[in-house]
Amino acid sequence: MCIFCQIINKEIPSAPVYEDANVLVIPDISPQAPLHWLIIPKIHTESLSSVLPDQALACLLVIQRLVKEKAVKDYRIVVNTGAEAGQSVPHLHFHLLSGRSLAWPPG
Ligand code: 5GP
Ligand code: ZN
């Protein structure tokens, strides 16, 4: 079972920022910005190419809700897909990065 499924199943403890029936949000263990959260659909799937539409939408709506609630004004959403793009955990997740100036293009 992948590491995020183990976190979702509470086999590995975490400190969720947000949780509902479809989505878990946790701080990244190795933050790349003052705010760096991972928005994770609870049903295991590797990428956006395979995710169920309602799971993808649930993640986007949670992002919208959290940035509003926490007054996060400027932010970046990243979905690394595949090894060449930097994906290291084979369970779809959206990075939410904020709190510093972010370079573009990302490199
Ligand atoms: P990827 O490289 O797949 O786009 O992103 C995976 C992210 O998951 C990385 O930013 C990494 O720091 C984070 N990560 C890996 N293992 C854990 C973990 O056990 N707990 C948490 N909170 N984050 C993790
Ligand atoms: Zn998984």
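As a reminder, the structure under discussion sits directly above these lines.
Now for a look at the structure at hand. The shown structure was predicted, so the numbers you read here are calculated from the model rather than taken from an experiment.

### Quick word on the site of ligand 1
Okay, so step 1: Close contacts around ligand 1 come from 16 residues, with D28, N80, G86, S88 and H95 the closest.
Okay, so step 2: Here D28 contributes a side-chain N or O atom positioned 2.5 Å from an oxygen atom of ligand 1.
Okay, so step 3: G86 has a polar backbone atom sitting 2.9 Å from an oxygen atom of ligand 1.
Okay, so step 4: Considered on its own, ligand 1 offers 520 Å² of accessible surface; in the complex 82% of this is hidden by protein.
Okay, so step 5: Applying the majority rule of atoms within 2 Å of the grid points places ligand 1 in the second largest pocket.
Okay, so step 6: Mapped onto the shell around ligand 1, the elements with two or more residues apiece are α1 (3-8) and β2 (23-27).
Okay, so step 7: It is α1 that provides the largest number of residues to the shell around ligand 1, a total of three residues.

### Some details on the pattern of salt bridges
Okay, so step 1: Summed over the entire model, instances satisfying the criterion amount to four salt bridges.
Okay, so step 2: Close ionic contact of R65 with E69 constitutes a salt bridge, the shortest N to O distance being 3.1 Å. Placement of the pair is R65 and E69 together in helix α2 (residues 53-69), with a separation of four residues, close to one helical turn.
Okay, so step 3: In this structure E69 comes out as exposed when scored by relative accessible area, which is 51%.
Okay, so step 4: Within the structure, one salt-bridge network assembled from shared partners comprises K10, E19 and K42.

Rules and cut-offs
Residues numbered from 1 in each chain as written. Chains lettered and ligands numbered in written order. Predicted model: local features only at pLDDT ≥ 70, side-chain atom pairs only at ≥ 80, totals over all residues. Heavy atoms only, no water. Near = heavy atom within 4 Å. Polar contact = N/O pair within 3.5 Å; in protein donor to acceptor, adjacent residues only side chain to side chain. Areas by Shrake-Rupley, 256 points an atom, 1.4 Å probe, with all protein chains shown as cover. 1 Å grid on protein atoms, 1.4 Å probe; cavity = no way out; pocket = protein on both sides within 12 Å on 5 of 7 lines; lining within 4 Å. Sits in = over half its atoms within 2 Å of the grid points. Helix = DSSP H or I, 4+ residues; strand = E, 2+ residues; numbered from the N terminus. Salt bridge = Lys/Arg side-chain N within 4 Å of Asp/Glu carboxyl O. Buried < 20%, exposed > 50% of the residue type's maximum accessible area, 1.4 Å probe, protein only.

On their own, these measurements won't tell you what the molecule is for.
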